[in-house]
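Remarks on the overall topology
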Amino acid sequence: MKLWKELPILFGVALLLALVIKTFMVQAYFIPSQSMQHTIEPGDRVLVNKLTPWFGWTPQRGQIVVFKDPGGWLDPSQVKKDNAVVGAIKTAFTWVGLLPAGNEQDLIKRVAGVPGDVIECKGAGSPVTVNGVALDERTYLYKDAGGRLDDPSQAAFGPITVQPRTIFVLGDHRSDSGDSRVHLQEKSQGLVPYGNVQGHAFVRIWPLTRMGGLGTPSTFSLNHPAQALRGAAAAPPVLWGFTLAVPLRAGWLRRLRRRGTSLPAVGRAVVLPAPGGVTNRLRRRLGTERPVG
């Protein structure tokens, strides 16, 4: 096939593949807002995994997700509008995946609660709690120029129980984030339905100096000393016995060594008396020893 005939076919296949990848697998998003600073800065590009929702994936605590406006979250006056020609070109290029989505109708936040979770905050100076466990958010909350962390929430809220197939979301820049807290008085109670979630952002790809993964902070595993004690109390008695026996045995052996007392042979061969000798001793005790000779 001649080149001029082959090029349109190659171009069409490339567009089709780009459209499939953008729609069902991975899509790039341009972030214009400050609501996720400093985890995601204005102007950053992130990749969003759109494949996993097709296989039953559900949002998890701590993940950063992109979702459609549930209704009334976006201020129409703040949506940037281009002229007709530029807007049409950008829409076409974004549609086939050649330009990142501008997040003009989407939002990006961090999942703080999943179905069944109870979320609460007592106000400024208090942590956000999930199921009674305080989140340690120092690693990702916004810091100002003086190094001061944002409050987890300037206003008290909750307790809010996350309803089935919804999530409760918060921005990392709490003092500049229109997240679930701002929409608590609405019918939805600030909860985002699963159907609005486009996928989870897993990596920054631009600028190159900020390229890196967007992992899940360990605090969202909700590990807490009180939970550990509750789990230990439910352990089988045999496990408790082994747990206490090991240090007691080690302490006893240590004390014997300090006193210089010989220890039982462990891990080496022990010479036992010959069976014949044992038999003769028993016979002597019983008065039935056989004469030798």
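Scope of this entry: the structure provided in the associated data block.

The rules behind these values
- Residues numbered from 1 in each chain as written.
- Predicted model: local features only at pLDDT ≥ 70, side-chain atom pairs only at ≥ 80, totals over all residues.
- Heavy atoms only, no water.
- Pairing = 2+ DSSP bridges.
- Helix = DSSP H or I, 4+ residues; strand = E, 2+ residues; numbered from the N terminus.
- Patch = residues over 30% accessible without salt bridge, like charges linked within 9 Å, V, L, I, M, F, W, Y side chains within 5 Å.
- Areas by Shrake-Rupley, 256 points an atom, 1.4 Å probe, with all protein chains shown as cover.
- Salt bridge = Lys/Arg side-chain N within 4 Å of Asp/Glu carboxyl O.
- Lys, Arg positive; Asp, Glu negative; His and termini not counted.
- Charge placed at Lys NZ, Arg CZ, Asp CG, Glu CD.
- Buried < 20%, exposed > 50% of the residue type's maximum accessible area, 1.4 Å probe, protein only.
- Phe/Tyr/Trp six-rings, centres within 6.5 Å; stacked < 30°, edge-to-face > 60°.
- Contact = heavy atoms within 4.5 Å.
- Core = buried A, V, L, I, M, F, W, Y, C linked by side-chain atoms within 4.5 Å.

Moving on: the sheet that holds strand S5 (residues 118–121). Strand order in the open sheet made by the four strands is S7-S6-S5-S8, with antiparallel pairing throughout. Each edge of the sheet is formed by a strand with only one pairing partner; in this case those strands are strand S7 (133–134) and strand S8 (157–161). With two bridges joining them, strand S6 (residues 128–130) and S7 adopt antiparallel strand pairing. The residue of S7 that forms the bridge with Val-130 is Val-133.

As a further point, take a positive patch on the surface. Positive charge collects at one region of the surface, where Arg-254, Arg-255, Arg-257 and Arg-258 lie side by side. The topology assignment puts Arg-254 in helix H4 (residues 237–259).

In this chain, Gln-37 is followed by His-38 through a cis amide linkage whose omega measures -5°. By the element assignment, His-38 lies in the loop between strand S1 (26–30) and strand S2 (45–49). Pro-159 follows Gly-158 through a cis peptide bond whose omega is 5°. Structurally, the position occupied by Pro-159 is in strand S8. Of note in this structure, Asn-131 is not a glycine but carries a positive phi near 55°. By the element assignment, Asn-131 lies in the loop between S6 and S7. Residue Asn-131 is classed as partly exposed on the basis of its relative accessible area, which comes to 35%. The phi angle at Gln-189 is positive, at roughly 60°, despite the residue not being glycine. The topology assignment puts Gln-189 in the loop between strand S9 (166–170) and strand S10 (192–193).

Right, let's get into the packing of aromatic side chains. Within the structure shown, the criterion is met by three aromatic pairs. Their ring planes at 85° and their centres at 5.7 Å tell us that Phe-67 and Trp-73 sit as a pair that is edge-to-face. For the pair Phe-67 and Trp-73, one class covers both residues: buried.

What follows concerns the environment of Arg-165. One can find Arg-165 in the loop between S8 and S9. On the basis of relative accessible area, Arg-165 is assigned to the exposed category, the value being 57%. When the C-alpha positions of Arg-165 and Gly-195 are compared, they lie 8.4 Å apart, and in sequence the two are 30 residues distant. Beyond its immediate stretch of four places on either side in the chain, Arg-165 contacts Pro-115, Val-192, Pro-193 and Tyr-194.

Let us look at the nonpolar core. A general trend in soluble globular proteins is that nonpolar side chains are found buried together. Judged by nonpolar contacts, the single largest core of 17 residues is most densely connected at Ile-119, Val-128, Leu-135, Phe-157 and Phe-168. Among the elements of the structure, S5, S6, S8 and S9 are those that each provide at least two residues to this core. Discounting residues that sit within four places of it in the chain, Phe-168 has contacts with Arg-110, Val-111, Ala-112, Gly-113, Ile-119, Phe-157, Ile-160, Val-162, Ser-180, Arg-181, Leu-184 and Leu-191. Among the nonpolar cores identified, the runner-up in size contains 12 residues, and Ile-167, Val-169, Val-192 and Tyr-194 belong to it.

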